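What follows is each chain in one-letter form.
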Amino acid sequence: MSEQRTRPVVYAVWLIIASVVGWFAAFQLTVEKFVLAANPDAVLSCNVSVMIQCGKNLESWQGEVFGFPNPILGIAGWMAPLFVGVALLAGSRFPRWFWLTFGAGVTFAFGLVCWLIWQSIYAPNLGVLCPWCMLTWSVTIPTFFATMLHLTRNGSFTGNEKVQERANRLMAWVPLATILAYAVVILLAQLRGLDLLGEVIGMIF
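The rules we used
Residues numbered from 1 in each chain as written. Predicted model: local features only at pLDDT ≥ 70, side-chain atom pairs only at ≥ 80, totals over all residues. Heavy atoms only, no water. UniProt positions renumbered as here; feature names shortened; annotations may be inferred. Axes fitted to C-alpha atoms, helices over the stretch in contact; angles between N-to-C directions. Helix = DSSP H or I, 4+ residues; strand = E, 2+ residues; numbered from the N terminus. Parallel < 35°, antiparallel > 145°, perpendicular 65-115°, else oblique. Left-handed = near helix turned anticlockwise from the far one by under 90°. Contact = heavy atoms within 4.5 Å.

- Word for word, the UniProt comment on the protein chain under Sequence similarities (unreviewed entry) is "Belongs to the VKOR family."
- Turning to the protein chain, the UniProt record has this under Subcellular location (unreviewed entry): "Membrane".

A look at the packing of helix H1 (residues 9-38) against helix H4 (residues 79-89)
Logical step 1: The N-to-C vectors of H1 and H4 enclose an angle of 150°; their axes lie 8 Å apart at closest approach. Regarding the angle of H1 to H4, the classification is roughly antiparallel. Considering only the axes of H1 and H4, their crossing is left-handed. Here Val 9, Tyr 11, Ala 12, Val 13, Leu 15, Ile 16, Ser 19 and Trp 23 of H1 come into contact with H4, specifically with Met 79, Pro 81, Leu 82, Val 84, Gly 85, Val 86, Leu 88 and Leu 89.

Concerning the environment of Trp 23
Logical step 1: Tracing the chain through its elements places Trp 23 in helix H1.
Logical step 2: Residues Trp 23 and Ile 121 lie 98 residues apart in sequence; the distance between their C-alpha atoms is 23 Å.
Logical step 3: Ignoring anything within four residues of it in the chain, the contact list for Trp 23 reads Gly 74, Ile 75, Trp 78 and Met 79.

With respect to the side chain of Gln 62
Logical step 1: Note that Gln 62 resides in the loop between helix H2 (55-59) and helix H3 (70-77).
Logical step 2: Leaving out residues up to four positions away in the same chain, Gln 62 has contacts with Asn 70, Trp 115, Leu 116, Gln 119, Ala 123, Asn 125 and Leu 126.

Spelled out as structure tokens, the structure:
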């Protein structure tokens, strides 16, 4: 399944949609960070409840894991899939090194998102889910799945045509894989919530 023979329109459109959604979430988090910087006592619009809020995340060390607010990574990083998506729709073709670099960036984003999900659910100083963070997670996960399959089918990972064709067929299963990934995150959050509730009840009685 060579990229020379087929233009990945669906994948390109998804990259554009994901980048717009991801960039918007990162921008909103950046705005909230500025609000907190100006007024630490400000009530943020993303603070929906005790369990659903972004204030704790923005003020935690996990929210600045590289020494600056994580949303800045999103604002800069989501430009890459937007560029790739638009270029693919325009008929551009990229060399193998470009695709491998792009794949490495998407993999890094996916790994960071997985770590942040774990921290949000299990870290003692957090234990909350951030609305804008979850929006970012929702597009990063399928982007990773789709990109890994695309890099397989376009020959970046392997020259085996059978493997490429199999990866192309598996593209149709990305939505299901994404839903299953969402379900795992929801299940982990629910189980953690039950654990915390059990601890509270134990302290009372």
